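# Structure at a glance
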Amino acid sequence: MVEKLNDAARETALRGLNGWIYDAADDAISHVFKFKDFSEAFGFMSRVALAAEKAGHHPDWSNGYNVVRVKLTTHDAGGLSAKDVALAQAIDRIVG
């Protein structure tokens, strides 16, 4: 079972991520990505879906035209875990 990150590990992890925001109420990190158009947003979602499937860890997300909202938390751990940080890092690499 994956363990929830403690406060110090969470703060260290957040410093290494690009624009992700911690939500204490959900013990999750989130990011809003904006793209040129729907096609670009959908392409991003497709690439993230492949990375998430490979990692066996899936985001909570939504899409509206050129905006993709992503929230990461590990339900089995009861909050933010190393799996969320790893997927956020992968998403940051996809965005470039």
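Described in the following lines is the structure provided in the data block. (Residues numbered from 1 in each chain as written. Predicted model: local features only at pLDDT ≥ 70, side-chain atom pairs only at ≥ 80, totals over all residues. Heavy atoms only, no water.)

## Here we look at unusual backbone geometry
Keep this limit in mind: Secondary structure elements are taken from DSSP: a helix is a run of H or I of four residues or more, a strand is a run of E of two residues or more, and numbering for both begins at the N terminus.
Look at Asp 27: it is not a glycine, yet its phi comes out positive at around 45°. Structurally, Asp 27 is set in the loop between strand E1 (21–23) and strand E2 (28–34).

## So, helix H3 (residues 82–95)
Here is the rule we go by: To estimate how far a helix should reach, multiply one less than its number of residues by 1.5 Å. Think of it in three bands: residues with accessible area under 20% of the maximum for their type are buried, residues over 50% are exposed, and the middle band is partly exposed, with areas taken using a 1.4 Å probe on protein chains only. By definition, residues are in contact when any of their heavy atoms lie within 4.5 Å. Polar contact criterion, stated in full: a pair of N or O atoms within 3.5 Å, where within protein one must be able to donate a hydrogen and the other to accept it, and residues adjacent in sequence count only if both atoms are side-chain atoms.
With 14 residues, H3 should reach 20 Å at 1.5 Å per residue; the first-to-last C-alpha distance of 20 Å fits that figure. Residues of H3 that are buried include every one of Asp 84, Val 85, Leu 87, Ala 88, Ala 90, Ile 91 and Asp 92, and no others. Check the buried side of H3 and you find it contacts helix H1 (7–15), E2, helix H2 (38–55) and strand E4 (67–72). You can read the cap of H3 off the contacts: a side-chain oxygen lies 3.1 Å from the backbone nitrogen of Lys 83, and it is on Ser 81. At the C-terminal side of H3, Gly 96 shows a positive phi close to 90°.

## Topic: the pairing of E2
Definition in use: DSSP-based pairing: two strands are paired if at least 2 bridges between them are found.
By the bridge criterion, three bridges tie E1 to E2 in an arrangement that is antiparallel. Note on E2: the bridge partner recorded for Tyr 22 is Ile 29. Counted between consecutive antiparallel strands, the loop separating E1 from E2 contains four residues, among which Asp 27 sits at a positive phi close to 45°. Inspection of the sheet shows E2 paired to E4 by six bridges, in the antiparallel sense. Across the sheet, His 31 pairs through a bridge with Val 70, a residue of E4.

## Some details on the packing of H2 against H3
Quick reminder of the rule: Only C-alpha atoms enter the line fits that serve as axes; for helices the fit covers just the stretch in contact. Angles between N-to-C directions range over 0 to 180 degrees. Handedness of a crossing follows from how the near helix is turned relative to the far one, being left-handed for an anticlockwise turn of less than a right angle and right-handed for a clockwise one. Put simply, Ala, Val, Leu, Ile, Met, Phe, Trp, Tyr, Cys and Pro go in the nonpolar bin, Asp, Glu, Lys and Arg in the charged bin, and everything else, Gly too, in the polar bin.
It is at 10 Å that the axes of H2 and H3 come closest, and there the two elements cross at 145°. Crossing hand, H2 versus H3: right-handed. Residue-level inspection shows Phe 44, Arg 47, Val 48, Ala 51 and Ala 52 of H2 in contact with H3, the latter providing Leu 87, Ile 91, Ile 94 and Val 95. A per-class count over the contact of H2 with H3 returns eight nonpolar, no polar and one charged.

## Re the pattern of salt bridges
Pairing is possible between side chains that carry opposite charge, provided their charged atoms lie close to one another. Formally: We count a salt bridge whenever a side-chain nitrogen from Lys or Arg sits within 4 Å of a carboxyl oxygen from Asp or Glu.
In the structure shown here, the tally under the stated rule is four salt bridges. A salt bridge links Lys 4 to Asp 27; its shortest N-O distance comes to 3.3 Å. A residue pair is termed long-range when its members are at least 10 positions apart, and Lys 4 in the segment before H1 and Asp 27 in the loop between E1 and E2 qualify at 23 residues. On the accessibility criterion, Asp 27 (9% relative accessible area) is buried. Lys 71 serves as the salt-bridge partner of Asp 26, at 2.8 Å between the closest nitrogen and oxygen. Here Asp 26 is found in the loop between E1 and E2, whereas its partner Lys 71 is found in strand E4, with 45 residues between them in sequence.

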